[in-house]
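Inside the fold
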Amino acid sequence: MNIQMCDLRGQYLKIKSEIDAAIQEVIDSTAFIKGKEVGLFQEELASYLGVKHVIGCANGTDALQIALMALDLKPGDEVITPDFTFIATVEVVALLGLTPILVDVDPSTFTIDTKRLEEAVTPKTKAIIPVHLFGQCANMDEIMRIAQKHNLYVIEDTAQALGADYYHSNGRVSKAGTIGTIGTTSFFPSKNLGCYGDGGALFTNDDSLANEIRSIANHGMKVRYHHDRIGVNSRLDTIQAAILRVKLKYLDFYNKARIEAANAYDSALKPCSKIITPARAKWSSHIFHQYTLKLNNVDRERLQKDLAAKGIPTMVYYPIPLHKQKAFEPYREFNYGRSFQVSDFLSSSVISLPMHTELSADVIKYITETLLETLKD
């Protein structure tokens, strides 16, 4: 079997005629920058999410950086992030001269531990960046309670959970990325909603913030050649927007396919004592950007090699937690004495199986049977 971690070609072939037509329309118009498709996509995504403003940008890392810039934080201000995540979440904090404060994560959901989060708040804390990891939301009710109590901004990193539903304790339902001060996402090709290159976006219900975000992403301009502040050049290009307009129509279908694949994985793998299948938080749907297992007393490197020999790819997200990264050394003094026991454990024990919209029952059966047989050795 030709098994891939993410089958982008198979997904494309199912909507080839729509994608090709959308790309050709942009080429015919030659409006490659700020073409009409960008505005239309922003409107359609805003409608899907139930948020007032969506502002496209060049990638998900830019989205996080622009969000922090829009909040006018000052050098030395502290921003709390989870330790177990991709470095982009912390990288942008450091790039702006802010101080990243890392917090350990929950051992079940892998999202930020809200008890440790509140313990990390100091008078210098100005913002929290919760990461909706692997496809489900962090505990946003509790995060927003903490943020309101301490007058903090909340920037949701929704790169891995676009389309997930958050179930508030009062019965209200929100889309991931629309609860905090600003939401951000990435349209990297392998994301649940991915384009065919780089792309990103920010979401907010605050009119004033939306205007600042648009200005920052466009060299600090609100009026052409009038630069009100230092900004960046970060645009979602028209071809990518056209592709995303097509794929947005299928996002719920794509997420449903991932959930069904995860259910099949769960059914086959839960009985195995050497595997802990992904937890599903009561407050969030899980749309499985990744299907990530915890291994129990298993040699992970050997397991990966054995599975690869049988045509099954795997990935480890993330093998080194942020607090152990060389790039984080200048900030260790700010996190001295804080425990990262869960992040350390997860970095050494998690493994992700193939997860995408094109997984067939036969492929899942082969993967799970081969995995279980390998674990018997």
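Above this text sits the structure in question.
Now for a look at the structure at hand. Being a predicted model, the structure only gives us computed values, none of them experimental. All residue numbers refer to position in the chain's written sequence, counted from 1. Where totals are concerned, whole chains, interfaces and linings use all residues; where local detail is concerned, this predicted model gives features only for residues with pLDDT of at least 70, and gives and counts side-chain atom pairs only at 80 or more. Side-chain figures throughout are based on the complete set of non-hydrogen atoms in the structure, without hydrogens or water.

Here's the deal with the packing of aromatic side chains
Defined as follows: When two rings of Phe, Tyr or Trp (its six-membered ring) have centres within 6.5 Å they constitute a pair, described as stacked for plane angles under 30 degrees, edge-to-face for angles over 60, and tilted for the intermediate range. Only protein chains enter the accessibility calculation, which uses a 1.4 Å probe; a residue whose area is less than 20% of its type maximum is buried, one above 50% is exposed, and one in between is partly exposed.
Counted under the stated rule, the structure contains 14 aromatic pairs. Ring centres of Phe328 and Tyr331 lie 5.9 Å apart, and the angle between their planes is 40°; on these two criteria the pair is classed as tilted. On the accessibility criterion, Phe328 (5% relative accessible area) is buried. Each residue in the set Phe84, Phe110, Phe134, Tyr317 and Tyr318 is aromatic and connected to the rest through ring pairs, giving one cluster.

Considering the pairing of strand S3 (residues 99-103)
Stated formally: A run of DSSP states H or I qualifies as a helix once it reaches four residues; a run of E qualifies as a strand once it reaches two. Both are numbered from the N-terminal end. A pair of strands is treated as paired once DSSP finds two or more bridges between them.
With five of five residues buried, S3 lies mostly within the body of the structure. Judged by which residues are buried, S3 turns out to be covered on both faces: Thr99, Ile101 and Val103 on one side and Pro100 and Leu102 on the other are all buried. One ladder, built from five bridges, connects strand S2 (residues 78-82) with S3; its direction is parallel. Bridging across to S3, Pro82 finds its partner in Val103.

Points about the packing of helix H10 (residues 251-269) against helix H13 (residues 361-376)
For clarity, the threshold we go by: Each axis is a line fitted through C-alpha atoms, and for a helix only the stretch in contact is used; angles between axes span 0 to 180 degrees, taken between their N-to-C directions. Oblique is the label for any angle not covered by the other classes, which are roughly parallel (under 35 degrees), roughly antiparallel (over 145) and roughly perpendicular (65 to 115). Here a crossing is called left-handed whenever its near helix is offset anticlockwise from the far helix by less than a right angle, and right-handed whenever the offset is clockwise. Contacts were defined at the residue level, with two residues in contact if any of their heavy atoms lie within 4.5 Å. For this classification, the nonpolar set comprises Ala, Val, Leu, Ile, Met, Phe, Trp, Tyr, Cys and Pro, the charged set comprises Asp, Glu, Lys and Arg, and every other residue, Gly included, is treated as polar.
One can describe the packing of H10 onto H13 by two numbers: an axis separation of 10 Å at closest approach and a directional angle of 30°. The angle between H10 and H13 falls in the class roughly parallel. For the pair H10 and H13, the crossing hand works out as right-handed. Residues Ala261, Ala264, Tyr265, Ala268 and Leu269 of H10 lie in contact with H13, whose contacting residues are Ile364, Ile367, Thr368, Leu371 and Leu372. Here the residues of the contact of H10 with H13 are counted per class, giving nine nonpolar, one polar and no charged.

Overview of empty space enclosed by the protein
The line we're drawing: Residues are said to line a cavity or pocket when one of their atoms sits within 4 Å of a point; the points come from a 1 Å grid over protein atoms alone, cavities being sets where a 1.4 Å probe fits but cannot get out and pockets being open sets with protein on both sides within 12 Å along at least five of seven lines. Grid points are joined across faces, edges and corners, and a volume is the space filled by probe spheres set on the points.
One pass over the full model with this rule turns up two cavities of 30 Å³ or more. Approximately 60 Å³ is the volume attributed to the largest cavity. Lining the largest cavity are Ser108, Thr109, Phe110, Leu133, Phe134, Gln136, Pro278, Ala279, His286, Gln290 and Thr292. Tallied by class, the residues present in the lining of the largest cavity amount to five nonpolar, six polar and no charged. Taken together, Cys6, Asp7, Leu8, Gln11, Pro189, Ser190, Lys191, Arg258, His356 and Thr357 make up the full set of residues lining the second largest cavity. When grouped by side-chain class, the residues that make up the lining of the second largest cavity number three nonpolar, four polar and three charged.

Things to note about H13
Stated formally: What a helix is expected to span follows from its residue count: subtract one and scale by 1.5 Å. Note: the arc covers the axis-to-C-beta directions of the helix.
The end-to-end C-alpha distance of H13 is 23 Å, a good match for the 22 Å that 16 residues give at a rise of 1.5 Å each. For H13, the complete set of buried residues consists of Val363, Ile364, Ile367, Thr368, Thr370, Leu371, Thr374 and Leu375. For H13, the buried positions fall inside an angular range of 165° around the axis, keeping them on one side. Exposed and facing more than 90 degrees away from the buried side of H13 are Ala361, Asp362 and Lys376.

Focus on the environment of Val232
The residue Val232 is located in the loop between strand S11 (226-227) and helix H9 (238-248) in this model. Considered as a pair, Val232 and Gln65 are 167 residues apart in the sequence and their alpha carbons are 9.7 Å apart. Discounting residues that sit within four places of it in the chain, Val232 has contacts with Gln65, Ile66, Met69, Ile216, Ala217, Asn218 and His219.

Brief notes about the side chain of Thr370
Using the following cut-off: Contacts described as polar in this section are N or O atom pairs within 3.5 Å, which, within protein, must combine one atom able to donate a hydrogen with one able to accept it, while residues neighboring in sequence count only if both atoms come from side chains.
For Thr370, the position within the fold is in helix H13. Of note is the side chain of Thr370, whose polar atom sits 2.6 Å from the backbone oxygen of Tyr366. Setting aside anything within four residues of it in sequence, one finds Thr370 in contact with Leu307, Lys310 and Ile312.

Section: the pairing of S2
Which entries qualify depends on this criterion: Crossover handedness is defined here as right-handed if the route from the first strand over the helix to the second strand goes clockwise, with the strands pointing away from the viewer.
Burial analysis of S2 places five of its five residues in the buried class, which makes it a mostly covered element. Along S2, one buried face is formed by Glu78, Ile80 and Pro82 and the opposite face, lined by Val79 and Thr81, is buried too. Between the parallel pair S2 and S3, the chain is carried across by helix H5 (residues 88-95), and the sense of this crossover is right-handed. Note that S2 and strand S4 (residues 125-128) share three bridges and pair parallel. Bridge pairing links Glu78 to Thr125 in S4.

Remarks on the layout of surface pockets
Computed from the structure, the largest pocket encloses a volume of approximately 650 Å³. Breaking the lining of the largest pocket down by element, the ones donating at least two residues are helix H4 (60-70), H5 and strand S8 (182-186). Considering only residue class, the lining of the largest pocket consists of 13 nonpolar, 14 polar and four charged. The computed volume of the second largest pocket comes to approximately 270 Å³. Lining the second largest pocket we find Lys34, Val38, Gln42, Val54, Ile55, Gly56, Arg214, Ala217, Asn218, Ser234, Arg235 and Leu236. Of all elements in the fold, only helix H3 (36-49), strand S1 (53-57) and helix H8 (207-217) reach the threshold of two or more residues within the lining of the second largest pocket. The element that contributes the greatest number of residues to the lining of the second largest pocket is S1, accounting for three residues. Counted by class, the lining of the second largest pocket contains five nonpolar, four polar and three charged residues.

Describing the sheet that holds strand S14 (residues 350-353)
Spatially, three strands are ordered S12-S13-S14 in an open sheet, and the strand pairing comes out antiparallel. Looking at the sheet topology across the chains shown, the edges are occupied by strand S12 (275-276) and S14. Inspection of the sheet shows S12 paired to strand S13 (residues 291-295) by two bridges, in the antiparallel sense. In the strand pairing of S13, Ile275 is matched with Leu295. Along the sheet face, helix H11 (residues 300-309) touches S13 and S14 and points at about 15° away from the line of S14.

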